[in-house]
Structures are given as structure tokens and as C-alpha cells.
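# Working through the structure, step by step
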Amino acid sequence: MSRRCRRSLGERDVAFRNADHSALSPCGSVERTYNPRFLALSEVVRDTGDTMQEEVKVEVRPDFLARQAKAQPIQALAELIWNSLDADATSVNIEFEPDGIGGISRIVVADNGDGIPREEARQVFKNLGGSWKTLRLTTPRLNRMLHGREGRGRFKAFALGGVVDWKIIYAKDGTPFRYDVAVLEQQIERVRVGEEAPAPGAATGVTVVISELKRQFSSLQPENAVQELSEIFAIYLKDYRNVTITIAGERIDPDRAIAGTWNFELAPIADDDGEQHPVDLEIIEWRGQTRRTLYLCNEQGFPLSQVETRFHVGDFHFSAYLKSSFISELHQDGRLDLAEMVPALVASIEEARAKIKEVFRNRAAERARIVVDEWKEWKVYPYEGDPVTPVEKAERQIFDIVAVTVQDASPEFSDTASKQTALHLRLLRHAIERSPAELQLILDQVLKLPKRKQKELAELLNETTLAGIISAATLVADRLKFLEALRFILFDYEARQKLRERSQLHKILEQNTWIFGEEYNLWASDKDLTTVLKVHRDKLDSDLVIDDPVKVINKARGIVDLMLSRAQRRHRADDLEHLVIELKAPKVTINAEHLNQIEGYALAVEEDPRFNRVEGLRWHFWIISDAYNKQVEARIRGGPDPQRRLIQRTDRVKVGVKTWGEILEENNARLQFVKEKLEHRVDDGQALAFLQERHRELLEGVLINDDEQIETTDDAVLEGPSSES
């Protein structure tokens, strides 16, 4: 509740007391409505003359007190410790008395504080709220910061047991006196305060004995409780070094458990009245394992509530303390448990989360540098030199953190041989730099291999490299995809309708001459050959395009015949082969006239003065289209090599005819065995994607959209809009 709200309520209270309430009831008395489960009303009726005024005293019901006693075991124990510290205790000792059968019979919390004077006991235990602590900021004798304010802490003891006894020793005029206070959970509203008696020589303090325990509370054993209590009291024990807290003989010593601390000033919080509340964040890294928790604290750093934090910060364990007077106000108004509904506090929590992440990212990088230096010394670190760009620096930092985390999580990692460590680190680098999905697929497939196949792979790697195996398999897979894409482009009706420039195949085939026969693989362009072919172009067609980039002239011009050439020079100067391929225009069926033309062209080229004196020169001429007629088919059957579809073969010249269907069939048959062994699967989409990726610069703009018009003539597929390339 803000100060503004509290002031307005106070004003309404004064107005209520001063108002004339005679109209509230026909008989002049106040009509009362209340819930008897929560409140008991003591009524006093006063006659004020014409009207009667009634005062109502509010008393707390037992079930309300029972709700104050709900708490987690550690929280309940912490509240009792805070009560001792608020009483100026410098020593608080928690012991667990055994029950003789391996369990706990009683929990005892003893301190050396100032105790509670007997004449104040009635008031202290009677009131819920109205604590003397609300009137002070520090303890009476040692001026230490106070934790409690409302007098509720003592009831948390009932979260542990059904009977709580306070054995109190205090000093009156220099003389120690003793008395007891007892409360039963079944009668929690009744507090029994015993008579006091002198206790000569006794030290002051309060001993709280909790019995009839609700369970054995393993969470309170030292191996579980010391760390959590260290987190709760860390800041207090750092500020007040003379205070000691022990549990079952083990001292809570945050200094011994703390690995590092950081302090930050965050953006202030403005409350509803516009008042600015400073906000500080303290982060403590612990040596031992613990829950990562963000505590919401008052301005002195006393935890009042907590927020669970889910951070991916490696194996760092920490507690963070968000400190502000704004949090104190929320606690006093009972709104702290609904912190997520207070936007100003949510913003501070998010700022604290970001700062925590930053701290432990830097810590991880710092710790990683030590390990990385060792890897560099052993020459297994997968990077060379220092990072230059910000991207490289970030990538290197991520790698270092991940690699060190892997090593910490796998103790045997650091015990492996250098060669294996280097492999592990290279795999990690690959996963971070490129695609973790790719690496996962690779490792998954290798790990799924049967033992026999793993052995075969290992033996194969002794004979060649993994890169060599991949290159060979990739070559076959790429060829299969190329053939599938070519089939789709050439024979799929929709694809043929979308093909904007069929002549682009000319440049693609220049890079894939293996399709005409394995012997033509890796052949290269030859400028002299191209020049000669152009000289004799008139033997075929003056418009024939030879080894030139294809140009789109205008919409009225169709695709012309194309010719590509390749040369293969052997290891001797006089050993040279030339490949010449004429690609007929679409819909052109090869006939006898075409055969006469290609044979005449072959003769002219062969006799060209630039080549006719080269003894070892051999020529390969092919004419290719979608189909040929019966005459050509008969010529092939009567030719020198029908299987290879040659119509002419001499020592220097071979001339052949093929259709695209025959070429694709021959290639698929040649690769079928390997395809089956590879279990290669590819669809039209994957094949086209491969072709577009491999020959992007050649296929750019080749496929037209459905809304573009296609015009045809008897001889050609007409072009789209005019352009020059």
C-alpha cells in the first residue's frame, strides 16, 4: 500500500469517527456484518444522548494465526534465527535432539541475546503486529539493522512442530531472571506465560524448544541446510563479523563458501507518489552446488521473498540480492508475494536477470581462457591466431565456453589422447560455426551403423581419407540429381512450357560433357577449335551459335541450333581429341539432310589447314535432338557401331546421332548399380534445386512465370521480352 493510500485511509477513519451515524439504523444502533471465522468482536455500547455509539474491538481468530504458521522448514528456522539476531544475539546455535531410534525428537534454537523482560512478555506474545520493531530501525544495544517488523516470525515455529516452548533469561537491575512461555498449536491463540524466578550466574538469552515434530526434516540436516542458510544470512554475516550461527555443530560461514561477489547499482524505482527508490544488486557466487535464486530484499539486504531464476550459465551457482526500500514497502503492504503484478519491480527484476547473465558469461569466458591456454600449448585448439572482427571474437568466446563446459561435464574428456581431443574440438567448432543440424545428422548416421559397417568404414579410412570417400559419393549423387533435373526440364510438359531459353543448356552442358560419355569428362574449351568451327559454320547454318553466350534478340526470333566444342590434350604433343556437339532446336526431328550436313561439316573441319597436318588429332561429332526419323534410324542400324549410334567412324573422325532420351537412359543405366548401393533418393524439387544452385548464373531468368505469354512457330519456341546479355 502506498503512502498516499495509507493517508487516505487514515483520513476516512477520522471522518468516520467524527461523523453522525444515527442514520445507519432505525433504532439508532450500528448494523454489524462480519465473518465470525476470522474476527471476534468485543462490543462496548455508549449512550451519546439521542443516539448510541458502539465501539468494536477486533481480535484474531485461531485459524488466522494458523495461517501465519505456514512456512517451508528452512524459512521457519530462518525466522527463529532472525528473532535471535534482532534481540542482539551474537551467537545462535541450532541442535537436533535424538529420539533414541535414529530420528529427531526436538529442535532447539538457543541464543545469547538480551531476552524478553517478563513484564513485556504478555504484550509481545499477545499482539500480532504492533511490534516494538516498527518504532526502531536498529537493535536496542548493538545498533544492528532489524529484520522483523510485524511480530509474525515466532509463529513460523509451528511449521516444524506442534509444541513450542520459549525458555527466557533476561537481566533486571543486573540480576538474571528466568521464566517460560508455552504455546500449543491446537490452542495457538492461548499463550501460557510462567512466573519468573532468579537465575544467579545464568547468561541472558532465549532457547526455543520445538517438540512433537511433524516429520524428520532431512532438509534441516547440516549437509542440506548450511548452504541455504548461508545464502539467507550471507549479507548479514558479512556486515556483522562477530555474529556466529551454527547448526548441529557446523558453523555457517559464507566467506568459506563464497567464490566471488559483485555489486551493481540499477535504475531506481518510482512509487505511486513519484518518490525514487534506489535499487542495488549484489551477486554472490558459491563454491558449492545450490539453487540459483534471486532474493527480493529490503534496503539492508535482508531477504523478504525470492524469485526462482532459470539461467543457462554453465555450472556456476549463485545467489543474487535485489535490495530496495520499495521492496520493503511492498512487504509491509502485503503485496510482495504478488511481485509479478508490480510493473516497476518486474522491470528491476529483468534488469537484474540481464546483469546476472552478463556476469556469468564473463566468468565462463575467464575460466575458459585458462583451459584454452592449455589446449593451445598442446596444439589441439582448433583455431589459429587471434580473432579480428567482433563476429570472430563472439564466435571464439562461445566456442571456448561450450568446449570447457563439455570438458567439465565429461571428466574423461581431459584424459583422452591429444589426437582424440583435437577431433572433439574440431567437431565442436564445426557445430558452432556451421549447422549443428548437419553435424547431428552426420554423427547420428555414424553411430547407427552396425558394428560390421563401422569396421568396414574404419578399414576404408586406413586406405583413403573420409574426404575422398565423400567426394566420390558426392560426384555420383550430383550426377544423379543432374540427370533427374535434365529429364524434368526436357520432358515435363509444364517445365517445357516455362522454359524461357532452351539454349541455356548449351552452357550447362559445356560443364557436364560426361553426359555424352565418360570419355568426354573433364574436356576443356579451345579457342583455336572455336575459331575453326565458326569458319565452317556455313556448311550447316549461318545462324548457328558456336561457343558464344546466348543472346535474346527479340520476341519474333526463336531458338536456333547450337554447337558446343571441347578439346582433350593427351600427354603427347601429337595426341589431341576434339568433341563437337550440335544441339538441334526443339521440335526438330533429325533427318537424312541433317546427317549429310553434319558429315559435310565434319569433313570441312577435319581438312582445315590448322588441323589437317596434326597426325594424332581425332574428332568426335554428335548431333542431338529430341527425336530422329526412320531414315536416320536405318542409317544407325547400318552404321559402324549401332550400339553407340555412330553413323561414321574413321581413324580420325567419329560421327554419331542421339536423342535426349537415349542419352539419359544410357547414363541412368551406367549409374544404376552405384545408385542402388548408395540408396540414393531424390525428387524433382531436390534435383531442380541442385541444378539452380550449381548453375545459378546460367539459369537466372530462364524459367518464366505462368502469367508470361509463350509464342511458338513451326520451328522454335519464341523468346520473351527483348534483352541483351
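Since this is a predicted model, take the numbers as computed values, not measurements. (Residues numbered from 1 in each chain as written. Predicted model: local features only at pLDDT ≥ 70, side-chain atom pairs only at ≥ 80, totals over all residues. Heavy atoms only, no water.)

## Considering the packing of helix 13 (residues 466-491) against helix 19 (residues 660-678)
When two helices pack together, you describe them by how their axes are tilted relative to each other and by the distance separating the axes. Between helix 13 and helix 19, whose axes approach to 10 Å, the crossing angle comes to 145°. Two packed elements cross with a definite hand, and for helix 13 against helix 19 that hand is left-handed. Counted together, Ala473, Val476, Arg479, Leu480, Leu483, Leu486, Arg487, Leu490 and Phe491 of helix 13 and Trp660, Gly661, Leu664, Asn667, Asn668, Leu671, Val674, Lys675 and Leu678 of helix 19 form the full contact between these two elements. Residues of the contact of helix 13 with helix 19, tallied by class, amount to twelve nonpolar, three polar and three charged. (Axes fitted to C-alpha atoms, helices over the stretch in contact; angles between N-to-C directions. Helix = DSSP H or I, 4+ residues; strand = E, 2+ residues; numbered from the N terminus. Left-handed = near helix turned anticlockwise from the far one by under 90°. Contact = heavy atoms within 4.5 Å. Nonpolar A, V, L, I, M, F, W, Y, C, P; charged D, E, K, R; others polar.)

## A look at the environment of Leu213
Positionally, Leu213 belongs in strand 9 (residues 205-213). Taking the C-alpha atoms as reference points, Leu213 and Val163, 50 residues apart in sequence, are found 8.1 Å from one another. In contact with Leu213, not counting residues within four places along its chain, are Ile104, Ser105, Arg106, Ile107, Leu160 and Gly161.

## Remarks on the packing of aromatic side chains
Applying the stated criterion across every chain yields a total of 18 aromatic pairs. Between Tyr236 and Tyr240 the ring centres are 4.8 Å apart and the planes differ by 55°, which places this aromatic pair in the tilted class. Of the two residues, Tyr236 and Tyr240, both sit in the buried class. Here the aromatic rings of Trp619 and Phe621 are separated by 5.6 Å at their centres, their planes lie at 15°, and the arrangement is stacked. By the burial criterion, Trp619 is buried, and Phe621 matches it. Above the face of the Tyr240 ring, Arg144 is positioned so that its terminal group lies 5.9 Å from the ring centre. (Phe/Tyr/Trp six-rings, centres within 6.5 Å; stacked < 30°, edge-to-face > 60°. Buried < 20%, exposed > 50% of the residue type's maximum accessible area, 1.4 Å probe, protein only. Lys NZ or Arg CZ within 6 Å of the ring centre and 35° of its normal.)

## Topic: the environment of Asp111
For Asp111, the location among the structural elements is in strand 4 (residues 104-111). Taking relative accessible area as the criterion, Asp111 reaches 12% and is therefore assigned buried. Expressed as a C-alpha distance, the spacing of Asp111 and Asn83, which sit 28 residues apart in the sequence, is 9.6 Å. Other than its neighbours up to four places away in sequence, Asp111 contacts Ser84, Ala89, Ser91, Val92, Thr204, Gly205 and Val206. Of the polar contacts made by the side chain of Asp111, one reaches the side chain of Ser84; its length is 2.6 Å. (Polar contact = N/O pair within 3.5 Å; in protein donor to acceptor, adjacent residues only side chain to side chain.)

## Considering the side chain of Asn667
Its location among the elements puts Asn667 in helix 19. In contact with Asn667, not counting residues within four places along its chain, are Leu483, Trp514 and Ile515.

## Section: helix 3 (residues 73-86)
With 14 residues, helix 3 extends 20 Å between its outermost C-alpha atoms, agreeing within 8% with the 20 Å of an ideal straight helix rising 1.5 Å per residue. In terms of burial, helix 3 is largely enclosed, as eleven of its 14 residues are buried. Buried within helix 3 are the following residues: Pro73, Ile74, Ala76, Leu77, Ala78, Leu80, Ile81, Trp82, Ser84, Leu85 and Asp86. (Expected span 1.5 Å × (residues − 1).)

## Brief notes about unusual backbone geometry
Positive phi outside glycine occurs at Asp173, with the angle close to 55°. Looking at the element boundaries, Asp173 is found in the loop between strand 5 (161-172) and strand 6 (175-184). At Glu212, a position not held by glycine, the phi torsion is positive, near 50°. Considering the arrangement of structural elements, one finds Glu212 in strand 9.

## Overview of the environment of Val181
Topologically, Val181 is positioned in strand 6. Sequence-wise, Val181 and Phe125 are 56 residues apart; in three dimensions their C-alpha atoms are separated by 9.0 Å. Once residues within four sequence positions are removed from consideration, Val181 is found in contact with Phe125, Val164, Asp165, Trp166, Ile168, Val191, Arg192 and Val193.

## Remarks on a nonpolar patch on the surface
The grouping of Leu461, Leu466 and Ile470 at the surface amounts to a nonpolar patch, some 260 Å² of accessible area in total. The topology assignment puts Leu466 in helix 13. (Patch = residues over 30% accessible without salt bridge, like charges linked within 9 Å, V, L, I, M, F, W, Y side chains within 5 Å. Areas by Shrake-Rupley, 256 points an atom, 1.4 Å probe, with all protein chains shown as cover. Salt bridge = Lys/Arg side-chain N within 4 Å of Asp/Glu carboxyl O.)

## Focus on the pairing of strand 6
On any regular strand, side chains alternate: one points to one face of the sheet, the next to the other face. When strand 5 meets strand 6, the two strands line up antiparallel, connected through ten bridges. Bridge pairing in strand 6 places Lys167 opposite Asp180. Connecting the antiparallel pair strand 5 and strand 6 is a turn made up of two residues, with Asp173 showing a positive phi of about 55°. Pairing geometry for strand 6 and strand 8 (residues 197-198), over two bridges, is antiparallel. The partner of Arg178 across the bridge, within strand 8, is Ala197. (Pairing = 2+ DSSP bridges.)

## With respect to the pattern of salt bridges
A complete count under the given rule lists 18 salt bridges for this structure. Arg241 serves as the salt-bridge partner of Asp255, at 2.2 Å between the closest nitrogen and oxygen. One end of the pair, Asp255, is in helix 6 (residues 254-257); the other, Arg241, is in the loop between helix 5 (222-239) and strand 10 (244-247), with 14 residues separating them in the sequence. Of the residues examined, Arg241 reaches a relative accessible area of 52% and is grouped as exposed. The salt bridge partner of Arg487 is Glu484, with a shortest N-O separation of 2.8 Å. Of this pair, Arg487 and Glu484 both sit in helix 13, three residues apart, which is roughly one turn of the helix. One salt-bridge network, in which partners are shared between bridges, spans Arg645, Lys658, Glu662 and Glu666.

## Section: the pairing of strand 19 (residues 576-583)
In terms of burial, strand 19 is largely enclosed, as eight of its eight residues are buried. Neither face of strand 19 is exposed, since Leu576, His578, Val580 and Glu582 on one face and Glu577, Leu579, Ile581 and Leu583 on the opposite face are all buried. Pairing between strand 19 and strand 21 (residues 617-625): eight bridges, direction parallel. Its bridge partner lying in strand 21, Val580 is registered against Phe621.

## Concerning the packing of helix 13 against helix 20 (residues 684-694)
In contact at an axis separation of 8 Å, helix 13 and helix 20 are set at 100° when each is read in the N-to-C sense. Classified by the angle their axes make, helix 13 and helix 20 are roughly perpendicular. Where helix 13 abuts helix 20, its residues Asp478, Lys481, Phe482, Glu484, Ala485, Arg487, Phe488 and Ile489 lie against Asp684, Ala687, Leu688, Phe690, Leu691 and Arg694. When its residues are assigned to classes, the contact of helix 13 with helix 20 shows eight nonpolar, no polar and six charged. (Parallel < 35°, antiparallel > 145°, perpendicular 65-115°, else oblique.)

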